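Listed below, chain by chain, are the residues.
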Amino acid sequence: MPVGSKVKQCLANLESAQADLESFALETNDQAAKQLYAQCAQQVKGAIEPLKQRVRQIEHEEPQYRGY
Amino acid sequence: MTFWQQVFFSVDILSLTALMMRGIIMYTLIVLVTRVMGQREVGNMTTFDAVVTITVGNIAAAPMFNNEDSVIRPAIAIVTLGVLHVMTSAAGTRWPHWRRLVGGQPVVLIKDGKVLEENLRAARLTLDDLMQELRLKEAPRLSDVEVAVMEPRGRISVIKRPQVQPATRGDLGLPAQRTGLPAILVVDGKIQHKNLKQAGLTEGWLRARLRRSGITDLKQVAVAQVDAGGALYVDRTDDALAPPVSRAKPALAARLKKTAAQLERFALDTADPEARQQYREAARRVREALERLAPLLRASDRFAGVLPTPEPESDEAKRRLERWAPGRNKPGEG
């Protein structure tokens, strides 16, 4: 069951998306867009948290996937 | 006193037209002689080159405005100098000893970080001169310099120790692609057939590539350049209005969409109800973020800062934009 690594990949994707959003927020000069990007970065962060928790659980249940 | 006599010989009175004729003759002569003498630029001359050139200029100057000078004698002097110079240079290419005698030879100023004071004196350089040159060559620390050489043309070349030299692709074991000489294929909408042929490409290929990047009319192309790898760069005539659109934002949207789908898949696959809940929650948040971002990520801001942001298409989008970015679409703006 290689779910562990898949979930981690997914997590990494989300983290990079969050970083992208934050950098867009910095780049744009449009105040409204800046705000929107920042809010969405927070939103994605909200999705990252439960996923991180899930990764910890998987690692706990199946230690052979630790570190993947 | 005929016109041509005035032009060529020493006379008492010089008419205006004859004066101009002298100018034309000397100019042509100088151009010819300097061409024959070689095409080194002024900054790249040996002292010897420079002296000969200045002498030629001096000789040429007087007869152009002085009625007491004849043109014939300076002309002969110039031609003689030119021929001599060419012969000396030619001799230099054949006999190295002669070359060193005439053109000077390189003098080593620094070796392994040690300044060779004697050679510095021989080159009539001060330490200040040397340090100035090192700073310009971005090697201000003497210990970083492996070799510094005063070249015969008056420049100083600096070779830095490998420790302070930037790593090359070879050092890092990175693949090195041949850059070759890029060729300009289109200028102002006109195909440069000669360059096209030299690059080994055909007009059909070029037109197909342009069509692929959305250009049907050659007039839209200001410059098209191809590199050795076959990549085509196109600069459009209307680029002030339509700069290349960044793909970063659509890519981000796609990535978020993919992640949401993956999370939903995990939720379906897992047997653990708690885990399912966690995945669903994460997917929901990603979808929500995606929905909020839709107006920003879709309406690629290619006109950002140039034109007002386009109106969102639907009322729904407008409402969303208003909710998350108040004041962005006030009536009367946009």
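Our structure is the block above this text.
Criteria and cut-off values
- Residues numbered from 1 in each chain as written.
- Chains lettered and ligands numbered in written order.
- Predicted model: local features only at pLDDT ≥ 70, side-chain atom pairs only at ≥ 80, totals over all residues.
- Heavy atoms only, no water.
- Helix = DSSP H or I, 4+ residues; strand = E, 2+ residues; numbered from the N terminus.
- Buried < 20%, exposed > 50% of the residue type's maximum accessible area, 1.4 Å probe, protein only.
- Areas by Shrake-Rupley, 256 points an atom, 1.4 Å probe, with all protein chains shown as cover.
- Contact = heavy atoms within 4.5 Å.
- Pairing = 2+ DSSP bridges.
- Salt bridge = Lys/Arg side-chain N within 4 Å of Asp/Glu carboxyl O.
- Axes fitted to C-alpha atoms, helices over the stretch in contact; angles between N-to-C directions.
- Buried area = accessible area lost by both parts, 1.4 Å probe.
- Nonpolar A, V, L, I, M, F, W, Y, C, P; charged D, E, K, R; others polar.
- Parallel < 35°, antiparallel > 145°, perpendicular 65-115°, else oblique.
- Left-handed = near helix turned anticlockwise from the far one by under 90°.

S.K.: Just to check I follow, could you spell out the overall build of chain A for this structure?
M.R.: A count of helical and extended segments in chain A gives two helices and zero strands. Taking all 68 residues of chain A together, the buried fraction comes to 49%. For chain A, the computed accessible surface area is about 3,600 Å², with 51% contributed by carbon and sulfur atoms.

S.K.: Whenever I open this one, the overall build of chain B confuses me. Can you help?
M.R.: Helix and strand counts for chain B come out as 13 helices and eight strands. The buried share of chain B, taken over its 334 residues, is 28%. Summarising the internal contacts of chain B: among those between residues at least 6 apart in sequence, 47% fall at separations of at least 24. Just so you have it, chain B exposes about 22,100 Å², and 58% of that area is on carbon and sulfur atoms.

S.K.: Please explain the sheet that holds strand β3 (residues 145-150) of chain B as it appears in this structure.
M.R.: Hydrogen bonds along the backbone pair up the strands of a sheet, which may run parallel or antiparallel. Residue and element names in this part refer to chain B. An order of β2-β1-β3-β4 is seen for the four strands of this open sheet, with the pairing classed as antiparallel. Each edge of the sheet is formed by a strand with only one pairing partner; in this case those strands are β2 (114-115) and β4 (156-160). Strand direction decides the pairing type here: strand β1 (residues 107-111) and β3, joined by four bridges, are antiparallel. Residue pairing across strands places Val107 opposite Met150, the latter belonging to β3.

S.K.: Looking at this model, I keep getting lost on the pattern of salt bridges. Mind explaining?
M.R.: A side chain of one charge can pair with a side chain of the opposite charge if their charged atoms are brought near each other. All names here are of chain B. Tallied over the full model, the rule gives 12 salt bridges over all chains. For Lys137, the salt bridge is made with Glu133, and the minimal N-O distance between the two is 3.5 Å. Judged by its relative accessible area of 33%, Lys137 is partly exposed. One continuous salt-bridge network, built from bridges that share partners, spans Glu281, Arg284, Arg285 and Glu288.

S.K.: Sorry, what's going on with the sheet that holds strand β8 (residues 232-236) of chain B here?
M.R.: All names here are of chain B. With antiparallel pairing, four strands are arranged side by side in an open sheet as β6-β5-β7-β8. Because the sheet does not close on itself, it has two edges, and the strands there are β6 (190-191) and β8. Looking at chain direction, strand β7 (residues 221-226) and β8 are connected through five bridges and run antiparallel. Considered in β8, the bridge of Val221 is made with Arg236. Along the sheet, helix α10 (residues 203-212) makes contact with β5 (183-187), β6, β7 and β8, crossing β8 at roughly 65°.

S.K.: I'm lost on unusual backbone geometry in this one. Help?
M.R.: Trans peptide bonds make up most of the peptide bonds, and negative phi angles are found at most residues other than glycine. All names here are of chain B. Notably, Asp112 is not glycine yet its phi reads approximately 50°, a positive angle. When you line up the elements, Asp112 lands in the loop between β1 and β2. With relative accessibility at 53%, the residue Asp112 sits in the exposed group.

S.K.: Honestly, the interface of chain A and chain B in this entry has me stumped. Any pointers?
M.R.: By convention, interface size is frequently given as the accessible area that disappears when the constituent parts associate. Taken together, the 28 residues of chain A in the interface contact 28 residues of chain B. Here chain A packs against chain B, burying approximately 2,700 Å² in sum over the two surfaces, 63% of which is carbon and sulfur. On the chain A side of the interface with chain B, the three residues burying the most area are Leu36(A), Gln43(A) and Arg54(A), jointly 22% of the side's total. Summed over the shared surface of chain A and chain B, the number is one salt bridge. Two residues, Arg255(B) and Asp20(A), come together in a salt bridge whose shortest N-O distance is 2.6 Å. Elements supplying a minimum of two residues to the side of chain A that touches chain B: α1 (3-27) and α2 (31-61) of chain A. The element best represented in the side of chain A that touches chain B is α2(A), accounting for 16 residues. Of the residues belonging to the side of chain A that touches chain B, the class tally is 17 nonpolar, seven polar and four charged.

S.K.: Whenever I open this one, the environment of Leu19(B) confuses me. Can you help?
M.R.: All names here are of chain B. With respect to the helices, strands and loops of the structure, Leu19 is situated in helix α2 (residues 16-37). Each C-alpha atom of the pair Leu19 and Phe65 lies 6.7 Å from the other, and the pair is 46 residues apart in sequence. Contact partners of Leu19, with chain neighbours within four places excluded, come to Leu14, Met64 and Phe65.

S.K.: Would you mind going over the packing of helix α3 (residues 47-61) of chain B against helix α4 (residues 72-94) of chain B with me for this structure?
M.R.: Between two packed helices, what matters for the description is the angle formed by their axes and the separation of those axes. Residues and elements named next belong to chain B. Look at α3 against α4: their axes get within 9 Å of each other, and the N-to-C directions meet at 170°. In terms of orientation, α3 lies roughly antiparallel with respect to α4. Seen along the crossing, α3 lies across α4 with a hand that is left-handed. Mapping the contact onto sequence places Phe48, Asp49, Val52, Thr55, Val56, Ile59 and Ala60 in α3 and Pro74, Ala77, Ile78, Leu81, His85 and Thr88 in α4. In terms of residue class, the contact of α3 with α4 is made up of nine nonpolar, three polar and one charged.

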